[in-house]
Amino acid sequence: MSNKLGSLPVGSIVKLKYKNQPTDFIVIYQGLPSGYDTSCRGTWVLSRNALLSDVDFDRYNAYAVNIIDAQIRGILDKVHLDLDASIRPRVKEVDLPCIVWKSGHEAQTRSRGLSAHAFLLNEAETQFDCFRRDNSLLRCKGTNGQYGRWWLRDPYYKVDAYKNGYVMMVNENGSYIMGSHRSSSNVRAAMVLDPELSVDSNNNVTTNQPPIAPNTINLPSTIKGGASCSVSWSASNDPDNNLEGYIVERSYNGGSSWSQIYQGSATSTSTTIPHGTSTVMFRVCAYDTNGERSGWRTSSNKTVVNNRAPNAPSAINVPVKPQGGSSITVTWSAASDPDGNLEGYRLERQWDGKGSWSQIYRGSNLSYSDSIPKGQHTSVAYRVQAHDAFGDTSGYTTSPVRTISNNTAPAIQCELSGDLGDKSEGFTIPYTVTDVENQAVTVTEKVGGMVKRTYQVTLGQSNTFQITGAFFQKVLNGKQTAEIIATDAEGASSTLALTFTKKVHKAVIMLSEPLAVEKQISVCIIKVLGAIPEDAAFKVEVTNNAGDDAPAWEDATEDAKLSRNHVFKNKTQTNGWKFAFRVTAERGKSKKAGYITSVQGGFQ
């Protein structure tokens, strides 16, 4: 990394290429000394040691007059010319204070008048703060490596009787002395440099120019706490074609402080923004191989969205054996969201265990009905993820791979369909079952949840679902559904569903033929099993001469309710002793349904 020459503290040592060799110079002043011409504003440097040794003046104090002595001017101009060509234009031509003769042996100081690129210091300039803090800086080694005297540009205004002129110089120990203009001494060259010059890490002064700052810096439209944030910027240019890379910094406090997150040659980077961060901003600068930096390109201060992704649904459920040519229902458990802004789910499907997943549903439901084409695929799998209002998604919950059955379900043929209307007595449903693959088929016949029978059907043979007798009696009044379900060996099934309305309000149950015995029937017991509402009209009658033209029916209702014996009052018969019973039940005002499953008992 480089620094600006003008930013270095006085007393710093820098290197200028002089006669193609890095040569040490001392920074002796920064800025414009008081009372000096503005041309003198810059970074003042002085060679650390003598650039030339054993130099004398062959004219009487001539260095101090308005027109510089040709000898010393040539020497100092040569110092300027021996600098590296890239630095030479950055050495200022200054208009310095000087002492000139007024008249006779008198001298006058002028605030300006000595124009030069390289020059000797005067006594006042050797009083700059850097020399006061470190007097050793006034000591100078000659080209022979020994400490020696060095010339200043101040004449000593008194001359001796022989009119020998004297010029001030600095002694080996840093004190001031006057030397004859014909004395030999060392030359330390001073110059005022452009403070915008660069100083690299090895203290070399260079003319390298910094890169141009990137034109743009780009951030995502939304920055989320706890997530990665991508930052990109436009490529920079460098006047010296030595661009090396970029430095990116980040600030969480509106630019009050910055921390570096990237340094390199790419034009993009990413960083994770901690959850809970309020705002963030970024800036980028370019740097070159000399360490020179461009200015910063700074982003706006972006608000961070501190949203957390929802949790994945804990389970997804898919039927074990999907049937080709039919639909299946896929369900999944509800997900949770730590921020309470769950929006919905995305369901994806993959056929045959390969290829990409395709989205087939997006919404807030917890189930989806999907069609399985027949014969096109051998397996299917599903996966689901939750998403919230900010578009953040959970991980996937994936189902097992399900093998698709492309078996055709059995077919049920029946001349009846739809609603069979009102039924007050038992009825039958004829049907025939066929199967394309000729697999064994099991049929279940039922009304509601009440199964009549389950059996293996003979394919192509006519069958009958008999909703009669006791089974019909168990069917409750009202709208009912009779179902015939045919299931093959692979589990494929089809259902024939017919509706009917049972309307039975009164039932009379009696023996189809009386029971005959030789001896007189004197007592019996009757028990009626089923569910008879309390307000139903219920009556139990018995007779012991059922073969007569006018049997003697006796009321045994209470005896039947209490499960006790009934003693017959009738003692006569004309056609033999014959036993019979008659049970009558009729719905009451409550219209509550009931049924009779059996009538049990005996007699003697």
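This write-up is about the structure you can find in this document.

Criteria and thresholds
Residues numbered from 1 in each chain as written. Predicted model: local features only at pLDDT ≥ 70, side-chain atom pairs only at ≥ 80, totals over all residues. Heavy atoms only, no water. Pairing = 2+ DSSP bridges. Helix = DSSP H or I, 4+ residues; strand = E, 2+ residues; numbered from the N terminus. Buried < 20%, exposed > 50% of the residue type's maximum accessible area, 1.4 Å probe, protein only. Contact = heavy atoms within 4.5 Å. Phe/Tyr/Trp six-rings, centres within 6.5 Å; stacked < 30°, edge-to-face > 60°. Lys NZ or Arg CZ within 6 Å of the ring centre and 35° of its normal. 1 Å grid on protein atoms, 1.4 Å probe; cavity = no way out; pocket = protein on both sides within 12 Å on 5 of 7 lines; lining within 4 Å. Points joined across faces, edges and corners; volume = space filled by probe spheres on them. Nonpolar A, V, L, I, M, F, W, Y, C, P; charged D, E, K, R; others polar. Polar contact = N/O pair within 3.5 Å; in protein donor to acceptor, adjacent residues only side chain to side chain. Salt bridge = Lys/Arg side-chain N within 4 Å of Asp/Glu carboxyl O. Core = buried A, V, L, I, M, F, W, Y, C linked by side-chain atoms within 4.5 Å.

**A closer look at the sheet that holds strand β2 (residues 13-18)**
Sheets are built from strands that pair by backbone hydrogen bonding, the pairs being arranged parallel or antiparallel.
Phase 1 of the analysis: Within the open sheet, the five strands sit side by side as β2-β3-β4-β15-β8. Their pairing is antiparallel. A strand with exactly one partner marks an edge of an open sheet, and here the two such strands are β2 and β8 (118-119).

**Things to note about the side chain of glutamate 292**
Phase 1 of the analysis: Here glutamate 292 lies in the loop between β24 (279-288) and β25 (297-298).
Phase 2 of the analysis: A relative accessible area of 4% means that glutamate 292 is categorised as buried.
Phase 3 of the analysis: Setting aside residues up to four positions removed in sequence, glutamate 292 forms contacts with Ser2, Asn3, Lys4, Ser198, Asn208, Pro210, Pro211, Ala286 and Tyr287.

**A word on the pairing of β2**
Phase 1 of the analysis: Where burial is concerned, the two faces of β2 differ: the one with Val14, Leu16 and Tyr18 is buried and the one with Ile13, Lys15 and Lys17 is not.
Phase 2 of the analysis: Two elements, β2 and strand β3 (residues 21-31), share six bridges in a ladder whose sense is antiparallel. Its bridge partner lying in β3, valine 14 is registered against phenylalanine 25.
Phase 3 of the analysis: Between β2 and the antiparallel strand that follows it, β3, lie two residues; lysine 19 among them carries a positive phi value of about 50°.

**Points about the packing of aromatic side chains**
Phase 1 of the analysis: By the definition in use, this model includes 14 aromatic pairs.
Phase 2 of the analysis: Judged by centre distance (5.7 Å) and plane angle (80°), the ring pair of tryptophan 44 and phenylalanine 119 falls under edge-to-face. Taken together, the residues tryptophan 44 in strand β4 (residues 42-47) and phenylalanine 119 in strand β8 connect sequence positions 75 residues apart. This pair shows no difference in class: tryptophan 44 is buried, exactly as phenylalanine 119 is.
Phase 3 of the analysis: Chaining the aromatic ring pairs together yields one cluster made of Tyr29, Tyr36, Trp44, Phe119 and Phe128.
Phase 4 of the analysis: Cation over ring: arginine 283 sits above tryptophan 296, and NZ or CZ is 4.1 Å from the ring centre.
Phase 5 of the analysis: Geometry around phenylalanine 427 places lysine 423 over its ring, the cationic atom sitting 4.7 Å from the centre.

**Let's talk about the layout of surface pockets**
Phase 1 of the analysis: Space inside the largest pocket adds up to approximately 390 Å³.
Phase 2 of the analysis: If you go around the largest pocket, you meet 24 residues; those closest to its centre are Val504, Lys506, Ala507, Gly594 and Tyr595.
Phase 3 of the analysis: Among the secondary structure elements, those contributing two or more residues to the lining of the largest pocket are α3 (469-474), β43 (506-510), β49 (577-586) and β50 (595-603).
Phase 4 of the analysis: Residues of the lining of the largest pocket, tallied by class, amount to 15 nonpolar, four polar and five charged.

**Some remarks on the side chain of aspartate 548**
Phase 1 of the analysis: In this fold, aspartate 548 is placed in the loop between β46 (537-543) and β47 (554-555).
Phase 2 of the analysis: A polar contact is formed between the side chain of aspartate 548 and the side chain of asparagine 545, at a distance of 3.1 Å.
Phase 3 of the analysis: Those residues in contact with aspartate 548 that lie beyond four places of it in its chain are Thr572, Gln573, Thr574 and Asn575.

**Quick word on unusual backbone geometry**
Phase 1 of the analysis: The residue asparagine 203 is not glycine, and still its phi comes out positive at about 70°.
Phase 2 of the analysis: Turning to its location among the elements, asparagine 203 is positioned in the loop between β16 (198-199) and β17 (205-206).
Phase 3 of the analysis: When its relative accessible area of 38% is taken as the criterion, asparagine 203 is described as partly exposed.
Phase 4 of the analysis: Phi is positive for aspartate 352, close to 60°, though the residue is something other than glycine.
Phase 5 of the analysis: Along the chain, aspartate 352 turns up in the loop between β29 (342-351) and β30 (358-363).
Phase 6 of the analysis: Here aspartate 352 falls in the partly exposed class, since its relative accessible area comes to 26%.

**Regarding the sheet that holds strand β31 (residues 367-372)**
Phase 1 of the analysis: Reading across the sheet, the three strands line up as β27-β28-β31 and stay open at both edges, with antiparallel pairing between neighbours. Each having just a single partner strand, β27 (316-317) and β31 make up the two edges of the open sheet.
Phase 2 of the analysis: With two bridges joining them, β27 and strand β28 (residues 326-332) adopt antiparallel strand pairing. For isoleucine 316, the partnering residue across the bridge sits in β28 and is tryptophan 332.

**Re the pairing of β4**
Phase 1 of the analysis: Counting buried positions along β4 gives six out of six residues, so the element sits mostly inside the fold.
Phase 2 of the analysis: Sheet topology note: the β3/β4 ladder contains six bridges and is antiparallel. Counted as the bridge partner of isoleucine 26 is leucine 46 from β4.
Phase 3 of the analysis: Bridge count for β4 against strand β15 (residues 190-193) is four bridges, and the pairing is antiparallel.

**As for the pattern of salt bridges**
Phase 1 of the analysis: Taken as a whole, this structure holds 19 salt bridges when the rule is applied.
Phase 2 of the analysis: Arginine 48 is the partner of aspartate 24 in a salt bridge, and the nearest nitrogen-oxygen pair spans 3.7 Å. Of this pair, aspartate 24 sits in strand β3 while arginine 48 sits in the loop between β4 and β5 (52-55), and the two are 24 residues apart along the sequence.
Phase 3 of the analysis: Linking arginine 564 and aspartate 559 is a salt bridge whose minimum nitrogen-to-oxygen distance equals 2.5 Å.
Phase 4 of the analysis: Connected through shared salt-bridge partners, Lys4, Glu196 and Glu292 make up one network.

**Let's talk about the nonpolar core**
Phase 1 of the analysis: By size, the foremost hydrophobic cluster in this structure holds 28 residues, and its most contacted members are Leu5, Val14, Leu16, Met191, Leu193 and Val205.
Phase 2 of the analysis: Among the elements that line this core, the one with the most residues is helix α1 (residues 70-81), at four residues.
Phase 3 of the analysis: Look past the residues within four positions of methionine 191 in its chain and what remains in contact with it is Leu16, Phe25, Thr43, Trp44, Val45, Leu83, Val91, His117, Ala118 and Phe119.
Phase 4 of the analysis: Residues Ala50, Cys140, Trp150 and Val170 belong to the second largest nonpolar core, which totals 26 residues.

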